[in-house]
Amino acid sequence: MPRRLALSRNLLGLGSGAYAERVLGMEPASLISYLPLWEASGAVAYDLSGNGRNGASVGVTLGEPGIGDGRTSYGFDGANDYVNWYSAGLAAAFNGDEGTLGPLFCKVANAGVWTDATLRNFVRITGNATNAIFFLKHSTSNLLSLRFFGNNITRQFDVSGISDVGFMALAITWSLAANEVKAWRNGVQVGATAAHPTWTASGLSTTATAIGAQNITPTAPHLGNIQHVPLRNKALTPAQIAYLSKP
Amino acid sequence: MSHVYVGIEDIGLTVSQRNTLIEAFKRLGPASSPSPAKLCHWRVRLDGLAAIFEADFGENEVTIEGVKGYLASIFGIDPALISHSVAQTAYGPVVTFNRAGDKLRLVQFGGVSPTWAESGDACRAYLAANAGEWEEN
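Residues numbered from 1 in each chain as written. Chains lettered and ligands numbered in written order. Predicted model: local features only at pLDDT ≥ 70, side-chain atom pairs only at ≥ 80, totals over all residues. Heavy atoms only, no water.

## Section: the overall build of chain A
Part 1 of the argument: Summing up its helical and strand segments, chain A has four helices and 17 strands in all.
Part 2 of the argument: A compact globule built from 247 residues would reach a C-alpha radius of gyration of about 18 Å, and chain A, at 16 Å, matches this within 12%.
Part 3 of the argument: Taking all 247 residues of chain A together, 57% fall into the buried category.
Part 4 of the argument: For chain A, restricting intrachain contacts to residue pairs at least 6 apart in sequence, the fraction spanning at least 24 positions comes to 63%.
Part 5 of the argument: By element, 51% of the accessible surface of chain A is carried by carbon and sulfur atoms, the whole surface being about 8,600 Å². (Helix = DSSP H or I, 4+ residues; strand = E, 2+ residues; numbered from the N terminus. Rg over C-alpha atoms; globule rule 2.2 N^0.38 Å. Buried < 20%, exposed > 50% of the residue type's maximum accessible area, 1.4 Å probe, protein only. Contact = heavy atoms within 4.5 Å. Areas by Shrake-Rupley, 256 points an atom, 1.4 Å probe, with all protein chains shown as cover.)

## Regarding empty space enclosed by the protein
Part 1 of the argument: All chains considered together, the criterion is met by two cavities of 30 Å³ or more.
Part 2 of the argument: In terms of lining, the largest cavity is formed by A:G78, A:T118, A:R120, A:P221, B:R43, B:R124, B:L127, B:A128, B:A131 and B:E135.
Part 3 of the argument: No other element matches helix α3 (residues 116-129) of chain B, which puts three residues into the lining of the largest cavity.
Part 4 of the argument: Broken down by class, the residue content of the lining of the largest cavity amounts to four nonpolar, two polar and four charged.
Part 5 of the argument: By volume, the second largest cavity is sized at about 50 Å³.
Part 6 of the argument: Contributing to the lining of the second largest cavity are B:I8, B:E9, B:D10, B:L13, B:R18, B:L21, B:I22, B:L49, B:A50, B:A51 and B:L104. (1 Å grid on protein atoms, 1.4 Å probe; cavity = no way out; pocket = protein on both sides within 12 Å on 5 of 7 lines; lining within 4 Å. Points joined across faces, edges and corners; volume = space filled by probe spheres on them. Nonpolar A, V, L, I, M, F, W, Y, C, P; charged D, E, K, R; others polar.)

## Points about the layout of surface pockets
Residue and element names in this part refer to chain B.
Part 1 of the argument: For the second largest pocket, the calculated volume is near 270 Å³.
Part 2 of the argument: If you trace the second largest pocket, you find 17 residues lining it, with E9, V94, R105, V107 and Y126 closest to the centre.
Part 3 of the argument: Counting only elements with at least two residues in the lining of the second largest pocket, the list comes to β1 (3-10), β3 (50-56), β6 (102-108) and α4 (131-134).
Part 4 of the argument: When the residues that make up the lining of the second largest pocket are grouped by side-chain class, the tally is ten nonpolar, three polar and four charged.

Purely spatial values, then, with no claim about function.
This is the structure we're talking about:
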C-alpha cells in the first residue's frame, strides 16, 4: 500500500469492512480521486485515494445521515452549496478516454424536489463547453439524467417517472478502446450502450468541476445529500459497478 | 440576526460601489467555523447585479443601520443621509436604501427573525420563482 494512502486512511479512521474499503479495494490503481464526503468538520473534502486531490466544501451541512455504512453524508441546500472538486492535479489526471464516475450515492431532500421544476446537478466534470460528464435531476418532473457530453455530442441516459427519496447509486463508465459509454443506476444499466463520442477537451474547467451544483457560481444546485464520489481512469465492469452500488 | 439567507440587489450603484459592497458582505459571519454552512458563502445572479449570502451572521452585521454604514462608507457620507423604506414580500421584508435615488435592495429571506430552515425555504422559493434570472439554460 502506498504510504500516502495508508496515512490518509489512518487519519480518517477508516475501519475494516467499511463501504469505502470496497471502493479502495476495487482496481485501486484506477482511482484518480475519491471523496467520501463524510467529514464531521472543516471545509476540506478529503480525497481518500491517496492522491491528495481534495475538494473545497462550500456551505454544505456536514454530518447528515449517510447510506448506512456507519458514516455521514454532505447535505446540500439547493441554494448556494457545492464542493469544488477542481485541482490542477485532478485536471492532469482526468482521462476522457477511459474512466468511471461513481457509483456515487445521492438522494433528494424530499419527494417534492422531483417536481420542483428546477434543474439540479448532483455532480459535473467539465472539460470545456463541448465536453462534460454530469448527473442531474431535470426540470422536467421526475426525470433523472446521466450524460456524457464529448466532442459536442451528447450521450444521454434518462430515467423517467422517478420519485425515489432514498439514496441512489449512480455511475457512468466510458471506454474509447471499447467504443462505449454506459450509465448505471443502483447497479443496473440505464438505457442502451452508446458509442464513445471522443473527449476533445484538455484538462478540466476550474469553475465547473463540482459536486452538488453545475459550477461554483453555483447554478443548478442540488437539494439533498451526496456521499462517496469516486473518479477513475478505467471503465469498471458491470459486475464491479453492481458490487459497488450496494452500501 | 443568526444563521439566515439575505439577498442584495444593486438598483443604482456604480460597478465599483457594487463590488466594494459585495466584498464587504463576503467578509461577514464567523471568521472560522467547523461547519461550512455557517461560514459566509454566496451566489451571484447571472447578471451580476444581485447576490444571496448565507452565514451565521453576527448580531449587528446585517441590519438596516449596519447596511447604511456600509453604504455611507462607500459613498463617503454620513449614514444619516441615507434613507430607507420597508416592504413586505412573500419571501421576507425588503428594505430599499435611498441616497439621491434608490441604490440598494436588501431582503432577509423568511421574515424578521426566521429560523435557518425558514430562511432557506423562503430563499429556495424565491430562486424557483425567479429561475430565469438565476439559472442558466
